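Remarks on the overall topology
Spelled out, the chains give:
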Amino acid sequence: EAGVAQSPRYKIIEKRQSVAFWCNPISGHATLYWYQQILGQGPKLLIQFQNNGVVDDSQLPKDRFSAERLKGVDSTLKIQPAKLEDSAVYLCASSLGDGYNEQFFGPGTRLTVL
Amino acid sequence: DQQVKQNSPSLSVQEGRISILNCDYTNSMFDYFLWYKKYPAEGPTFLISISSIKDKNEDGRFTVFLNKSAKHLSLHIVPSQPGDSAVYFCAASTGANSKLTFGKGITLSVRP
């Protein structure tokens, strides 16, 4: 079974530029999550989708971050404009979404904002 | 406000001995707890979980203990192997299909 795919793996941009990350979850997983992991911290949820609907985006900085999951499968996360403090690893995870299931994580995208 | 706390940043143990990783939480609404292992440049990998209705769950060399009254859980690895060297994250959720709240992680080093 293929795991969660993410691209790109690494991205370096200058502040005020925009960037987009892509995630393809495990086939059949209804729930998709985007987490932000700052160095030395645990992952923090940015947004959770159930199929193509948003379940929780309470910690998403909506003035600069946006995410979509149009067909209920893959998803993109965008930052525009980026700030220095956005430097982090962005992790995508998916789960079956029908109960107490573990979340499966992708390898992450390491973003450096200069 | 850290709802899941892993107060020790690192742990070093000898190969073959027991590793005990601790985690404390403050939110009494948490009812599902998980441990993830993370190698450098990889995403976290699920290790073991426990529901709040249990106090112990075992899977091979890994056992998780939950003490609800103390709001404390621990992961025991016996025997420890060099391949277990990684960062271990404790995570918790409230209800089915809800987000995970993670601790800061603990770096385990297993010496040959």
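Read on for a plain summary of the structure.

Conventions used here
- Residues numbered from 1 in each chain as written.
- Chains lettered and ligands numbered in written order.
- Predicted model: local features only at pLDDT ≥ 70, side-chain atom pairs only at ≥ 80, totals over all residues.
- Heavy atoms only, no water.
- Helix = DSSP H or I, 4+ residues; strand = E, 2+ residues; numbered from the N terminus.
- Rg over C-alpha atoms; globule rule 2.2 N^0.38 Å.
- 1 Å grid on protein atoms, 1.4 Å probe; cavity = no way out; pocket = protein on both sides within 12 Å on 5 of 7 lines; lining within 4 Å.
- Points joined across faces, edges and corners; volume = space filled by probe spheres on them.
- Nonpolar A, V, L, I, M, F, W, Y, C, P; charged D, E, K, R; others polar.
- Pairing = 2+ DSSP bridges.
- Axes fitted to C-alpha atoms, helices over the stretch in contact; angles between N-to-C directions.

1. So, the overall build of chain A
Scanning chain A for helices and strands turns up zero helices and eleven strands. Listing every helix and strand of chain A by position from the N terminus yields β-β-β-β-β-β-β-β-β-β-β. Computed over its C-alpha atoms, the radius of gyration of chain A comes to 13 Å, within 12% of the 13 Å expected for a compact globule of 114 residues. Expressed as lengths along the three principal axes of its C-alpha atoms, the size of chain A is roughly 40 × 25 × 25 Å.

2. Remarks on empty space enclosed by the protein
Over the atoms, a rolling probe the size of a water molecule traces out where space has been left empty. Applying the stated criterion to the full structure yields one cavity of 30 Å³ or more. Estimated volume of the largest cavity: approximately 70 Å³. If you trace the largest cavity, you find 13 residues lining it, with A:G99, A:N101, B:Y32, B:N97 and B:S98 closest to the centre. Taken together, the residues of the lining of the largest cavity sort by class into five nonpolar, eight polar and no charged.

3. Focus on the sheet that holds strand 8 (residues 75-79) of chain A
Paired through their backbone hydrogen bonds, the strands of a sheet run either parallel or antiparallel. Residue and element names in this part refer to chain A. On the basis of which strands lie adjacent, the open sheet formed by four strands has the order 1-3-8-7 and antiparallel pairing. The open sheet is flanked by strand 1 (5-7) and strand 7 (65-68), the only strands paired with a single partner. Ignoring which end each strand starts from, the neighbouring axes of this sheet average 15 degrees apart. Looking at chain direction, strand 3 (residues 19-24) and strand 8 are connected through five bridges and run antiparallel. Following the sheet pairing, C23 is matched in strand 8 by S75.

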